[in-house]
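Spelled out from the first residue to the last, the chains are:
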Amino acid sequence: MTDRRVAALARLAAHVAEVAPVDLSVRLWDGSVLPLAPGAREDLTLVVGTPAALTRLVRRPRLPTVVELIAEGAVDLEGGTLLDLAARAGSGSTRGIAKRIDKGLALRAFLPFLFGPGGGGAGHAYTGTQAARHGQGRDDKAQVQFHYDLSNAFYALFLDPEMVYSCAYFPDWEADLATAQRAKLEMICRKLRLKPGERMLDIGCGWGGLVCHAAQHHGVQAHGVTLSQAQFDFATEKVRCLGLQDRVTIELRDFRDLRDVEFDKVASIGMFEHVGLDNRDGYFRHIRSLLKPRGIYLHHAIARPMKATEKKFRKANPEFRALVNYIFPGGELDHIGGTTDAMERNGFEVHDTEGWREHYGRTCRLWTERLYANREAAYIEASAAKTKIWLLYLAGCALAFERGTVGIFQTVATKRARGASGLPATRADLYA
């Protein structure tokens, strides 16, 4: 029975190599190697470890099945990451490839697996509630900690020395990650037009990179808030080690609990994605309440292109559903028009919006390469399953930004008031 199944798969692979070649080989559980193109190299190999893996795929051909199989090691990509696979596959659409495949031949190859044993593992998705609205069953702290509290050492395996986990800004495309992240921190401070002695708030301060940079290089009094215990512990120790206790404070706190305090400048860097679209008005209203008159707010967030209608925009595709289940529970991406509309609706004057899409594609590509190079250490820190899921996530994000299916924008706004904005006539100083 096994030989017949393998032989059927070999016939299908030979057909694929003829009509839709990909420079890739597949290795089956019995050691058989099936090239998917004439002369396909074996330096990048898709490994199917058990017949049960194909049984599970045939029974439930969905992205979560693929994710679980990869996490368990039942399916693996030896010799590279999804980035390498995408490079081999080229720019052709999977739909176009599928049209060229003989459906009868594919059916005869996969049908025998339908009736085999195919039990799954324990599962690796987030199991908490993912309610949409704040205050109505939504547990933001649990969702944030699912993502960020893996291990500080795990993140250190792919982030820069300052542990900045958001889009870098590359002065040129050859710049290394550390240089690009320092440039990003400095660009944020320039856009906020920080001045010595000002009070600055960083919402979702991560491991403290921005607040420490702002205090060291711009002389501000910086306050950071986070819901991640691991980030809070790291950032607090970083502040102590740098001797910045008199200029930087870190709180383990929801920023919505901040009351009766005002800041000259507020930054939200890569945090809005956790908020949820149904909570964006409340989010911007509260930020406005924390700003002094004409205070500057910098909003840095990933966005999706708008669809024909808001209803169509809100319909999540399979890739995004997998993202929120395995990586970012509760997360949602706005479109840039929705964000600026909500900001204006809640008392902000929008001044500048700058797209950084290609910068994030480069950032995620470098993160993927670094995590893959350090994967053995990552297996120890966060488990092999988590590491493999994260390699999929980071590589998938790199491809999404590079291909333009998602974007990222920095938007500068001020708390609306009558009269002059207080901003300079041009932005030439930002890029000097």
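In what follows, the structure referred to is the one given above.
Model, not experiment: these values are computed from the prediction.

Trainee: Describe in detail the overall build of the protein, supporting the description with residues and values.
Mentor: The number of helices and strands found in the protein is 18 helices and 11 strands. Each principal axis of the C-alpha atoms in the protein carries an extent, and together these give about 75 × 50 × 45 Å. Out of the 432 residues belonging to the protein, those deemed buried represent 50%. Contacts in the protein between residues far apart in sequence, at least 24 positions, make up 74% of those at least 6 positions apart. Entry remark: accessible area of the protein is about 19700 Å², with carbon and sulfur atoms responsible for 54%. Computed over 57 positive and 50 negative side-chain charges, the separation of the two mean positions in the protein equals 6 Å.

Trainee: Report on the nonpolar core, specifying residues and quantitative values.
Mentor: Residues Tyr 155, Phe 158, Tyr 165, Trp 367 and Trp 390 are the most contacted members of the largest nonpolar core, which totals 56 residues. Broken down by element, this core gets its largest block of residues, 12 residues, from helix α18 (residues 384–403). In this structure Tyr 155 touches His 147, Tyr 148, Leu 150, Met 163, Tyr 165, Trp 207 and Trp 390, once residues within four positions along its chain are discounted.

Trainee: Provide a residue-level description of the environment of Ala 316, including the pertinent values.
Mentor: Structurally, the position occupied by Ala 316 is in the loop between α13 (310–314) and α14 (318–326). Remark: the alpha-carbon pair of Ala 316 and Ala 432, spanning 116 residues in sequence, is separated by 41 Å.

Trainee: Lay out the sheet that holds strand β6 (residues 221–226) with the relevant residues and their values.
Mentor: Here 7 strands make up an open sheet; going across it, the order is β7-β6-β5-β8-β9-β11-β10 and the pairing mixed. This sheet does not close on itself; its edge strands, each paired only once, are β7 (248–252) and β10 (348–355). The average angle at which neighbouring strand axes cross in this sheet is 15°, direction not considered. Summarising the sheet, strand β8 (residues 263–269) and strand β9 (residues 291–303) pair through 6 bridges and their orientation is parallel. Bridge pairing in β9 places Ile 269 opposite His 300. Most of the contacts of helix α9 (residues 177–192) go to β9, to which it runs at about 145°, and overall it touches β5 (199–203), β8, β9, β10 and β11 (407–415).

Trainee: I'd like a rundown of the sheet that holds strand β2 (residues 33–35), residues and numbers included.
Mentor: The strands making up a sheet are joined through hydrogen bonds of the backbone, oriented either antiparallel or parallel. Ordered in space as β2-β1-β3-β4, the 4 strands form an open sheet in which the pairing is mixed. With partners counted over all chains shown, the strands left at the sheet margins are β2 and β4 (75–78), one partner each. Going from strand to strand, the sheet's axes swing by 20° on average, the running direction of each strand aside.

Trainee: I'd like a description of the pairing of strand β3 (residues 45–48), backed by residues and values.
Mentor: One ladder, built from 3 bridges, connects strand β1 (residues 25–27) with β3; its direction is parallel. Of the residues in β3, the one forming a bridge with Ser 25 is Thr 45. One ladder, built from 4 bridges, connects β3 with β4; its direction is antiparallel. Looking at β4, one finds that Thr 45 is bridged to Glu 78.

Trainee: Residue-level account of the state of the cysteines, with values.
Mentor: What is meant by a disulfide is a covalent connection between two cysteines, made through their sulfur atoms. In total, this model carries 0 disulfides according to the counting rule given. Not part of a disulfide, Cys 212 finds its nearest cysteine sulfur in Cys 205, a span of 8.9 Å. Cys 364 provides the cysteine sulfur closest to Cys 397, a residue in no disulfide bond, and the two sulfurs are 5.1 Å apart.

Trainee: I'd like a description of helix α16 (residues 357–373), backed by residues and values.
Mentor: For α16, built from 17 residues, the straight-helix expectation of 24 Å at 1.5 Å per residue is met to within 8% by its first-to-last C-alpha distance of 25 Å. Turning to α16, its buried residues number three or more, namely His 359, Tyr 360, Gly 361, Thr 363, Cys 364, Leu 366, Trp 367, Thr 368, Leu 371 and Tyr 372.

Trainee: Now, about the pattern of salt bridges: what can you tell me, with residues and values included?
Mentor: In the structure shown here, the tally under the stated rule is 23 salt bridges. Where Arg 193 meets Asp 429, a salt bridge forms, and the shortest distance between an N and an O atom there is 2.6 Å. Separated by 236 residues along the polypeptide, Arg 193 in the loop between α9 and β5 and Asp 429 in the segment after β11 bring together distant segments of the chain. A salt bridge links Arg 280 to Asp 334; the shortest N-O distance between them is 2.5 Å. With Arg 280 in helix α12 (residues 280–290) and Asp 334 in the loop between α14 and α15 (336–345), this pair connects stretches of sequence that are 54 residues apart. With respect to burial, Arg 280 and Asp 334 carry one shared label: buried.

Trainee: Summarise the packing of aromatic side chains; cite the residues concerned and give the values.
Mentor: According to the stated counting rule, one finds 26 aromatic pairs in the structure shown. A centroid spacing of 6.1 Å and a plane angle of 45° characterise the contact between Phe 158 and Trp 390, whose relative ring orientation is tilted. With Phe 158 in the loop between α8 (152–156) and α9 and Trp 390 in helix α18, this pair connects stretches of sequence that are 232 residues apart. Just as Phe 158 is buried, Trp 390 falls in that class too. Members of the aromatic cluster, each reached through a chain of ring pairs, are Phe 154, Tyr 155, Phe 158, Tyr 165, Trp 207, Tyr 360, Trp 367, Trp 390, Tyr 393 and Phe 401.

Trainee: For a nonpolar patch on the surface, give the residues involved together with the corresponding values.
Mentor: On the surface, a cluster of nonpolar side chains totalling about 350 Å² of accessible area is made up of Leu 107, Leu 111 and Phe 115. When you line up the elements, Leu 107 lands in helix α6 (residues 103–110). Judged by its relative accessible area of 52%, Leu 107 is exposed.

Rules used throughout
- Residues numbered from 1 in each chain as written.
- Predicted model: local features only at pLDDT ≥ 70, side-chain atom pairs only at ≥ 80, totals over all residues.
- Heavy atoms only, no water.
- Helix = DSSP H or I, 4+ residues; strand = E, 2+ residues; numbered from the N terminus.
- Buried < 20%, exposed > 50% of the residue type's maximum accessible area, 1.4 Å probe, protein only.
- Contact = heavy atoms within 4.5 Å.
- Areas by Shrake-Rupley, 256 points an atom, 1.4 Å probe, with all protein chains shown as cover.
- Lys, Arg positive; Asp, Glu negative; His and termini not counted.
- Charge placed at Lys NZ, Arg CZ, Asp CG, Glu CD.
- Core = buried A, V, L, I, M, F, W, Y, C linked by side-chain atoms within 4.5 Å.
- Pairing = 2+ DSSP bridges.
- Axes fitted to C-alpha atoms, helices over the stretch in contact; angles between N-to-C directions.
- Disulfide = S-S within 2.5 Å.
- Expected span 1.5 Å × (residues − 1).
- Salt bridge = Lys/Arg side-chain N within 4 Å of Asp/Glu carboxyl O.
- Phe/Tyr/Trp six-rings, centres within 6.5 Å; stacked < 30°, edge-to-face > 60°.
- Patch = residues over 30% accessible without salt bridge, like charges linked within 9 Å, V, L, I, M, F, W, Y side chains within 5 Å.

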